[in-house]
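Summary of the model geometry
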Protein chains: 2
Amino acid sequence: VAESRSKGSERRRIALTERVAIDTLARVFGKARGRGIAMGIGDDAAILRDAGSQIVWSIDSSIEGTHFERDWLSLGEAAGRALAAAVSDLSAMGARPVAALCALGVPHGTTKRDFTAIAAGQRKIAERAHCPIIGGDIARAERLSFTTTVLGRAEEPLTRRGARPGDEIWLLGTLGEAAMGLRALQVRASATTRAAQSAIRACVKAWRQPPLLLREGQRLVGRASAALDVSDGLALDASRIAAASQVGLVIDQHQLEQAASAHLLRACSVLGVDPVEAMLHGGEDYALLATGKPARRPRGVRVIGRVTRGEGAWLLEGITRRRLERGFDHLASGP
Amino acid sequence: VAESRSKGSERRRIALTERVAIDTLARVFGKARGRGIAMGIGDDAAILRDAGSQIVWSIDSSIEGTHFERDWLSLGEAAGRALAAAVSDLSAMGARPVAALCALGVPHGTTKRDFTAIAAGQRKIAERAHCPIIGGDIARAERLSFTTTVLGRAEEPLTRRGARPGDEIWLLGTLGEAAMGLRALQVRASATTRAAQSAIRACVKAWRQPPLLLREGQRLVGRASAALDVSDGLALDASRIAAASQVGLVIDQHQLEQAASAHLLRACSVLGVDPVEAMLHGGEDYALLATGKPARRPRGVRVIGRVTRGEGAWLLEGITRRRLERGFDHLASGP
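Below is a summary of the structure that appears in this document. Computed from a prediction, not measured in an experiment: that's the story for all the values here.

Residue and element names in this part refer to chain A. Along helix α10 (residues 262-271), the positions that sit buried rather than exposed are Leu-264, Ala-267, Cys-268 and Leu-271. Viewed along the axis of α10, the buried residues span an arc of 105 degrees, placing them on a single side of the element. Looking at the packing, one finds that the buried side of α10 touches α5 (177-187), α6 (194-208) and α11 (275-281). Remark: Gly-272 follows α10 within two positions and exhibits a positive phi of approximately 70 degrees.

And the structure:
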């Protein structure tokens, strides 16, 4: 009895990482069954079967103190950024947005003027994404929060599951800039040269105003074998495609370096960060990572590696390859 | 210039009530246009057009410190209650649930055991509602929160807009018990007699485990002219049907008193609350309020008033009627 008690109290102390949390959900909820459900937990969005097309459906939270601080961006930018992050899941599935609902957590002291700025920031992105906000929920909360659910349609949604050995790894959008922008805001970085100042500004903008990449995602339909949006760092997100597709993803360091923007290189130099590290582990990019046959590669994508047999995400440095560490865990770190 | 400055700073100070917030959203977002959108902001859920049936779609938040405190209910109950509140919007639209996504805000210190209890609590309600959770989002937050989006289908969704003069006002479910249960938890009420203890227990259960009323809502389809779920108190929710339908709703105090349960009467006596006040302004009931022609009244509903020409929600006391005050404002009050 003493032993089982001690085991019991040990069980209670298990720290909750995101991996543990997702495994728990997968175990408790099991495979979702039911008419109309094509795919449940485990991708950028769930998929519902529908006459003609499929419905792609996702939810995403942006919480003050976890995802942003108020002095890093304006209220309108915080609101727009939250919607853009949600829409990015539709881009990654190759879906066309239909509409969004947003649940707002509103702290005491928020004025009508603040609220108008929030709504205007959402509207700007909603118009750009052709994704009208058609409902929501408002509740008092200690910290400002935006929880957005977006719904889109796709004939053939892109999932994480179809990567095959021999496929190329494609990148659409930029990596590392958003993470360096965030770092610059966190440490209140100051640059001395004009070029460095402009690089920092560009990186801060990349963080504050993530790209939507809806057309880019739709262009992948029928061409890519798998896709997702890079929100938690290339290393972690590549390992997600690897796990879902049961293959290995080998990122080529030379090709990755070629994809580094001039702004990224300058900002990394100011901040003392290795650009490859920023691209691999930075996160918050909302770039699209996809895989597909070389012959089907669309225009405008960068090839940054190759899909192989095996498992996991790897970095090829010259002739040696090293296993990429896992990236950001939403629960292991925090405010 | 001085005057306009002073006006400017006055504008900045306008306190944000829910009414102000919703008006701001309606103004900024305007009428949602777009193929596939049948109805946007202003009802229990948004409605999307679809082949054959319509898609009913809603989002609802439940936040520690705003909607509940941890010592008022178990983690599993908090999770299940949040899902039930979201599903209640589908009941009110006469829709059949398809699936749910849940965004979880998880505080530091949450263990795997806690998380398993949360998932199990959601699963219990998901099974009862035939509404599987097929995805979501997990983020670190200062307070525990559940933001749930539910999607359902209905051939003819019930809205708040169709009430006509001459219709009866129908109640499905109970009023007041949940609010008295919450009050009992807040003040740690203790009852002396067995009957009173059992009444308090029943009211606490009514708050912790809101009803789903899915069949009741579906039974209203083709019969009710308007419907919603009573989450913010009968007075406020009746005024919402009145406003959306451009009619008056007159609640008959005598009929309302007849609808009071024995548990409610006993609990009100312990807590020193007028039962009619609890029914009118308590909230958190998740009962269904509907209107419809007397000849179309389904079995098992209680008639509690009449729809008239005019506007607003009223209480008929004998031969006099008084305007019902607005109920709970989600932003005016708070933690």
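That shown, we press on.
The next point concerns the environment of Val-303 of chain A. Residues and elements named next belong to chain A. Within the secondary structure, Val-303 is located in strand β11 (residues 302-308). Considering only alpha carbons, one finds Val-303 and Ala-95, 208 residues apart in sequence, at a separation of 23 Å. Each residue touching Val-303, except ones within four places of it in the same chain, is listed here: Glu-168, Ile-169, Trp-170, Gln-255 and Arg-297.

The next point concerns the sheet that holds strand β8 (residues 224-230) of chain B. All names here are of chain B. Taking strand neighbours across the sheet as the criterion, the seven strands line up as β8-β10-β7-β11-β9-β12-β13 in an open arrangement whose pairing is mixed. The outermost strands of the open sheet, each flanked by one partner alone, are β8 and β13 (320-323). Averaged over all pairs of adjacent strands, the angle between strand axes in this sheet comes to 30 degrees, irrespective of strand direction. Pairing of strand β9 (residues 248-252) with strand β11 (residues 302-308), which is carried by four bridges, proceeds in the antiparallel orientation. Looking across to β11, one finds that Val-250 is bridged to Arg-306. Along the sheet, helix α3 (residues 75-92) contacts β8 and β10 (287-292); its crossing angle with β8, the most-contacted strand, is approximately 170 degrees. Strands in contact with helix α8 (residues 234-245) are β8, β9, β10, β11 and β12 (312-317); relative to β8, the strand with the most contacts, it is inclined by about 145 degrees.

Turning to the packing of helix α5 (residues 177-187) of chain B against helix α10 (residues 262-271) of chain B, a few remarks are in order. Residues and elements named next belong to chain B. It is at 10 Å that the axes of α5 and α10 come closest, and there the two elements cross at 30 degrees. When you trace α5 past α10, the crossing you get is left-handed. Residue-level inspection shows Glu-177, Met-180, Arg-183, Ala-184 and Val-187 of α5 in contact with α10, the latter providing His-263, Leu-264, Ala-267, Cys-268 and Leu-271. Of the residues assigned to the contact of α5 with α10, the class counts are seven nonpolar, one polar and two charged.

Before going further, it helps to examine the pattern of salt bridges. Inspection of the entire model under this criterion finds 30 salt bridges over all chains. The salt bridge involving Glu-317 of chain A is made with Arg-322 of chain A; its shortest N-O contact spans 3.5 Å. The partner of Glu-64 of chain B in a salt bridge is Arg-143 of chain B, with the nearest N and O atoms 3.2 Å apart. Here the residue Glu-64 of chain B occupies a position in the loop between β3 (54-63) and α3, and Arg-143 of chain B occupies one in the loop between β5 (133-140) and β6 (145-154), the gap between them amounting to 79 residues. Judged by its relative accessible area of 25%, Arg-143 of chain B is partly exposed.

What counts, and at which threshold
- In this numbering scheme, every chain counts its residues from 1 along its sequence in written order.
- Throughout, the order in which chains and ligands are written sets their labels, letters from A for the former and numbers from 1 for the latter.
- Note on the predicted model: pLDDT of at least 70 is required for a residue's local features to be given, and 80 or more for side-chain atom pairs to be given and counted; whole-chain, interface and lining totals, by contrast, use all residues.
- Water and hydrogen atoms play no part in the side-chain values, which are based on all heavy atoms of the structure.
- Relative accessibility thresholds used throughout: buried, under 20% of the residue-type maximum; exposed, over 50%; partly exposed, between the two (1.4 Å probe, protein chains only).
- A run of H or I in DSSP becomes a helix once it reaches four residues, and a run of E becomes a strand once it reaches two; helices and strands are each numbered from the N terminus.
- The arc in question is formed by the directions pointing from the helix axis toward the C-beta atoms.
- For this analysis, residues touch if any pair of their heavy atoms sits within 4.5 Å.
- One bridge is not enough; two strands pair if DSSP finds at least two bridges between them.
- Interaxial angle, 0 to 180 degrees, is taken between N-to-C directions of lines fitted to C-alpha atoms, where a helix line uses only the stretch in contact.
- Throughout, a crossing is termed right-handed when the near helix is turned clockwise from the far one, and left-handed when it is turned anticlockwise from it by less than a right angle.
- When residues are grouped by polarity, Ala, Val, Leu, Ile, Met, Phe, Trp, Tyr, Cys and Pro land in nonpolar, Asp, Glu, Lys and Arg in charged, and all others, Gly among them, in polar.
- We define a salt bridge as a side-chain nitrogen of Lys or Arg found within 4 Å of a carboxyl oxygen belonging to Asp or Glu.

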